[in-house]
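One-letter residues, chain by chain:
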Amino acid sequence: AGEIRRDLEEVLKAWEEKQRVDPIEEIYALGLSIITAYAVKRGDIKDEDLAGKALKVAKWGIRTIKNPELVAIAVLMLSSLSKYSPNTWASVLNIATNLLVENSNVLGSVGEFVFGLLSEFDKLSDSGKAYAIFAAARVLKALPVPSDEVCLWFSDLLDKARGLRSEALSLFSQVGVLHSLA
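This structure is a prediction, so every number in the text was calculated from the model and none was measured. (Residues numbered from 1 in each chain as written. Predicted model: local features only at pLDDT ≥ 70, side-chain atom pairs only at ≥ 80, totals over all residues. Heavy atoms only, no water.)

### Brief notes about the overall build of the protein chain
The test is simple: Here a strand is any run of E in DSSP of at least two residues, a helix any run of H or I of at least four, and the numbering for each starts at the N terminus. Taken over C-alpha atoms, the radius of gyration is set against a globule rule of 2.2 Å times the number of residues to the power 0.38. Any two residues whose heavy atoms approach within 4.5 Å at even a single point are treated as in contact.
For the protein chain, the helix and strand inventory stands at 10 helices and zero strands. Listing every helix and strand of the protein chain by position from the N terminus yields α-α-α-α-α-α-α-α-α-α. Whereas a compact globule of 182 residues would reach a radius of gyration of roughly 16 Å, the protein chain reaches 16 Å, a difference of no more than 12%. Each of the three principal axes of the protein chain carries a C-alpha extent, and together these read 50 × 35 × 30 Å. Of the contacts made within the protein chain by residues no fewer than 6 positions apart, 69% connect residues no fewer than 24 positions apart.

### Section: the packing of aromatic side chains
How we decide: Between rings of Phe, Tyr and Trp, where Trp is taken as its six-membered ring, a pair exists when centres lie within 6.5 Å; planes separated by under 30 degrees are stacked, by over 60 edge-to-face, and by other angles tilted. Two thresholds decide whether a charge sits over a ring: the Lys NZ or Arg CZ must be within 6 Å of the ring centre and within 35 degrees of the ring normal.
Evaluated as defined, the whole model comprises three aromatic pairs. We note K160 situated over the ring of F121; from NZ or CZ to the ring centre the distance is 4.7 Å.

### A look at the confidence of the model for the protein chain
Which entries qualify depends on this criterion: Confidence per residue, as judged by the predictor, is encoded in pLDDT with a range of 0 to 100.
Per-residue confidence for the protein chain gives a mean pLDDT of 90, with 99% of residues at or over 70. When the elements of the protein chain are averaged for pLDDT, helix α1 (residues 2–18) gives the smallest value, 81, and helix α4 (residues 68–78) the largest, 96.

### As for the environment of W60
Relative to the assigned elements, W60 resides in helix α3 (residues 48–62). Separated by 40 residues in the primary sequence, W60 and R20 place their C-alpha atoms 9.2 Å from one another. When residues no more than four places from it in sequence are discounted, the contact partners of W60 are V11, L12, W15, V21 and E26.

### Here's the deal with the environment of K66
In plain terms, the rule: Here's how the labels work: a residue is buried when its accessible area is under 20% of the maximum for its type, exposed when over 50%, partly exposed in between, all with a 1.4 Å probe on protein chains only.
Mapped onto the fold, K66 is located in the loop between α3 and α4. Take K66: its relative accessible area is 72%, and that puts it in the exposed class. With 70 residues separating them in the primary sequence, K66 and A136 have C-alpha atoms 21 Å apart.

### Observations concerning the nonpolar core
Operational definition: Take the buried Ala, Val, Leu, Ile, Met, Phe, Trp, Tyr and Cys residues and link them wherever side-chain atoms come within 4.5 Å; each set so joined is a nonpolar core.
Counting residues in hydrophobic clusters, the biggest one holds 61 residues, and the most contacted among them are I62, L78 and W89. The element best represented in this core is helix α8 (residues 126–142), accounting for 10 residues.

### A closer look at the side chain of S173
To keep it simple, the criterion reads: N or O atoms within 3.5 Å of each other form a polar contact, as long as, within protein, one can give a hydrogen and the other can take it, and as long as residues adjacent in sequence are counted only when both atoms are side-chain atoms.
Examined against the element boundaries, S173 turns out to sit in helix α10 (residues 167–181). A distance of 2.7 Å separates a polar atom in the side chain of S173 from the backbone oxygen of L169. What S173 contacts, discounting residues up to four positions off in sequence, is A130, I133, F134, A161 and L164.

### Section: the pattern of salt bridges
Heads up, the condition is: Any carboxyl oxygen of Asp or Glu within 4 Å of a side-chain nitrogen of Lys or Arg constitutes a salt bridge here.
The full count for this structure, using the stated rule, is 10 salt bridges. Among the salt bridges present, the one from K53 reaches E9, with a minimum N-O distance of 2.7 Å. A residue pair is termed long-range when its members are at least 10 positions apart, and K53 in helix α3 and E9 in helix α1 qualify at 44 residues. The exposure class of E9 is partly exposed, given its relative accessible area of 33%. The closest approach of N and O atoms between D156 and K160, which form a salt bridge, is 3.8 Å. You can see D156 and its partner K160 sitting in helix α9 (residues 147–162), four residues apart, about one turn around the helix. Residue class for K160 comes out partly exposed when judged on its relative accessible area of 21%. What you see here is one network of salt bridges that share partners, running through R6, D7 and E10.

### Considerations on helix α2 (residues 23–42)
Put simply, the rule reads: To estimate the expected span of a helix, subtract one from its residue number and multiply by 1.5 Å.
Relative to the 28 Å expected for 20 residues at 1.5 Å per residue, α2 spans 29 Å between its end C-alpha atoms, a close match to the ideal helical length. Along α2, the residues classified as buried are E25, E26, A29, L30, L32, S33, I34, T36, A37, A39 and V40.

So this is what it looks like as C-alpha cells:
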C-alpha cells in the first residue's frame, strides 16, 4: 500500500504542477487504480483516502481506453472504490458512459453501476449529481425498454436536474437529458 500511495501522490502532484498529466502517466494511473481496487476488494487495503485518490486518478486513465469492452471492464474493476468517493465515482461513470455512447450494448452493461449511484443520489454534491444524471441519461437511451417506461425515467432525471441547487448545473443537466432524447 505504501508504494501505491507514493505513486498515486506523485501522479496527483504532477497534475497539480502541470494541470495535466502525460498519456503514459494516465495509463500508469489507471493501472495503479485497478491494483488498488483489487486490493480493496480482497481486503488488503482499508485506507479510504488511498481508495479515493485511486479513483480520482482513474478518471484520467479511463479516457485513454479506445476499446469499449475494456472501458466496461475498467468500470467493473474500479467499482469496489465507488463507496470511498461517490462524487468521483459519478465523474468516472460520466466519462465511461460518454466513451461508450456509440456502443449501446456495452453502454448498457455499465447501467447497474449508474443506477446504483442514482440510489445514493441524495448523498452526492451538485456536481456529482450532474455527472450521475448525464451518465444515467446515456444509459437509459441504450436500454431496450418500453417507451412509456423510458419517458418516466427521463422525466425523473429532468426532475432531479431541476432540483440541483446550482442553477448552472441544473440547466446544463436538463440540456444533457434532453440531448440524450434526441
